[in-house]
Amino acid sequence: MLSIAGKTFGNRLILGTGKYKDFATMKACYEAAAVDMVTLAVRRFDLGAKGEDNILNWMPKGLALLPNTAGCYTGDEALRVARLAREALETNWVKLEVIGDPVSLYPDGEETLRAAAILVKEGFVVLPYVNADPILARKLCEAGCAAVMPLGSAIGSGLGVQNPHVLQIIREVVGQFGLPLVVDAGVGTASDAAVAMELGADAVLLNTAVAEAQDPVKMAQAMDLAVRSGRLAFEAGRMPRRLYASASSPVAGVVGRT
C-alpha cells in the first residue's frame, strides 16, 4: 500500500488528465490501470461545464483527485490556483508545480519552496514537483511537504530516468523524514516506470506516455504492471553486479573434477 499523509492507496501508479483524445479514452485508461488517484490541472479544464463536457463527470467512482498548479510560472500564481482548487474540488491536497522556463518546463525550485511553505501553513497537503535535487528535497521535507516528486526527465520527453543515482540519493534524504518519493515526469514506456520503482520510488506519476501511446488503454495496463513489478523487484533486493562471470551451478562436486 502507498501511504501519503495518512491516506493509503492500493496502486502506486498515478495518472494525469491531459492529452487524451477524449474523456472516454481517459476514463478507459484509468479503469484499465485500476488507479486510485489522478492529478488534475485545474487551470486547463472548465470545472463548471455541464454534463459530458465536465471532466469530473468522467472520473470513476471513488477515484481520488490530486489538483495541480500546472501552467503557473510564479509562486503567487500557484498559491492562487491551489486555493481555488481547494474551494472548487473540496480537497486540501495539491500537486505544486511552479515552472521556471517555458521551453524546458523545468521547475523553479526557489519559488516552489516558497509556495510550499506557505501552503503547508495554510493546511494544504503539498506534493511538490521539482528537479532531481537532494538539497531542495531536504528543504521541502523540512517545510512540511507530504511527499517529494522529482522528475525522471523533462515533462513529456519520454526519455525515462536520466538521473538514477541522484534519485537514489533523494530516496535516502526523503526516507529520513519518513516521506514517500514519487517519480514524476519523463516516463516514456513501461520499462521506464519499472526502473523508477526499482530505484526505490514509492510511486510513479505519468501522463503523456499513456495519452500519446498508439493504444492508450494497453499502455495504461502495461504501466500498472511495470510499477507493480518494479516495486516487487526493489523489495526483493537485486543481486550484486559483478565484473566477471559467476557460474549458476557450483564447481565443487562436479563429476570428473578433483
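Residues numbered from 1 in each chain as written. Predicted model: local features only at pLDDT ≥ 70, side-chain atom pairs only at ≥ 80, totals over all residues. Heavy atoms only, no water.

A few points about the packing of aromatic side chains
In this description, a pair of aromatic rings is defined by centroid distance and the angle of the planes.
Right, on to step 1. One pass over the full model with this rule turns up three aromatic pairs.
Right, on to step 2. Where Y20 meets Y30, the ring centres are 6.4 Å apart and the plane angle is 80°; that geometry is what we call edge-to-face. Taken as a pair, Y20 in the loop between strand 3 (13-15) and helix 1 (23-33) and Y30 in helix 1 lie far apart in primary sequence, ten residues in all. The same class applies to Y20 and to Y30, which are both buried.
Right, on to step 3. Ring centres of F23 and W58 lie 6.3 Å apart, and the angle between their planes is 50°; on these two criteria the pair is classed as tilted. With F23 in helix 1 and W58 in the loop between strand 4 (37-41) and strand 5 (64-68), the pair connects residues that are 35 residues apart, well separated along the chain.
Right, on to step 4. The ring of W93 has K7 sitting right over it, with the charged end atom 5.8 Å from the ring centre. (Phe/Tyr/Trp six-rings, centres within 6.5 Å; stacked < 30°, edge-to-face > 60°. Helix = DSSP H or I, 4+ residues; strand = E, 2+ residues; numbered from the N terminus. Buried < 20%, exposed > 50% of the residue type's maximum accessible area, 1.4 Å probe, protein only. Lys NZ or Arg CZ within 6 Å of the ring centre and 35° of its normal.)

Some thoughts on the nonpolar core
Generally speaking, nonpolar side chains in soluble globular proteins are found buried as a group.
Right, on to step 1. Among the nonpolar cores identified, the biggest contains 63 residues, and L15, Y30, L206, V210 and M223 are the most heavily contacted of them.
Right, on to step 2. Not counting residues within four places of it along the chain, the set of residues in contact with V210 comprises L15, Y20, C29, P216, M219, A220 and M223.
Right, on to step 3. Counting 16 residues, the second-largest nonpolar core is a separate cluster that includes F9, I14, M37 and L205. (Core = buried A, V, L, I, M, F, W, Y, C linked by side-chain atoms within 4.5 Å. Contact = heavy atoms within 4.5 Å.)

Quick look at the confidence of the model for the chain
Right, on to step 1. Averaged over the chain, the pLDDT score is 91; the fraction of residues at 70 or greater is 96%.
Right, on to step 2. Put simply, strand 4 is where the chain has its lowest mean pLDDT, 92, and helix 4 (residues 134-142) is where it has its highest, 97. (pLDDT = per-residue confidence, 0-100.)

Quick look at the pattern of salt bridges
Right, on to step 1. Throughout the structure, instances matching the rule amount to eleven salt bridges.
Right, on to step 2. E97 is paired through a salt bridge with K95; the nearest N and O atoms lie 3.0 Å apart. The pair formed by E97 and K95 is uniform in burial state, with each residue classed as buried.
Right, on to step 3. Across the pair E111 and R114 runs a salt bridge whose closest N-O atoms are separated by 3.1 Å. Here R114 and E111 lie together in helix 3 (residues 109-121), a separation of three residues that amounts to about one turn.
Right, on to step 4. Judged by its relative accessible area of 19%, E111 is buried.
Right, on to step 5. Sharing partners across several salt bridges, the network here consists of R171, D202, R231 and E235. (Salt bridge = Lys/Arg side-chain N within 4 Å of Asp/Glu carboxyl O.)

Regarding unusual backbone geometry
Right, on to step 1. Positive phi, close to 55°, is recorded for E90, a residue that is not glycine.
Right, on to step 2. Tracing the chain through its elements places E90 in the loop between helix 2 (75-89) and strand 6 (93-96).
Right, on to step 3. You can call E90 exposed: its relative accessible area is 72%.
Right, on to step 4. A positive phi angle, close to 60°, is found at L105, a residue other than glycine.
Right, on to step 5. Position of L105 among the secondary structure elements: in the loop between strand 6 and helix 3.

Examining the layout of surface pockets
Right, on to step 1. Size it by volume and the largest pocket reaches roughly 570 Å³.
Right, on to step 2. Around the largest pocket, the lining comprises 31 residues; the ones closest to its centre are R44, A70, E97, I155 and N207.
Right, on to step 3. Counting only elements with at least two residues in the lining of the largest pocket, the list comes to strand 4, strand 10 (203-206) and helix 7 (208-211).
Right, on to step 4. Here the lining of the largest pocket takes three residues from strand 4, the largest share from any one element.
Right, on to step 5. Roughly 330 Å³ of volume is contained in the second largest pocket. (1 Å grid on protein atoms, 1.4 Å probe; cavity = no way out; pocket = protein on both sides within 12 Å on 5 of 7 lines; lining within 4 Å. Points joined across faces, edges and corners; volume = space filled by probe spheres on them.)

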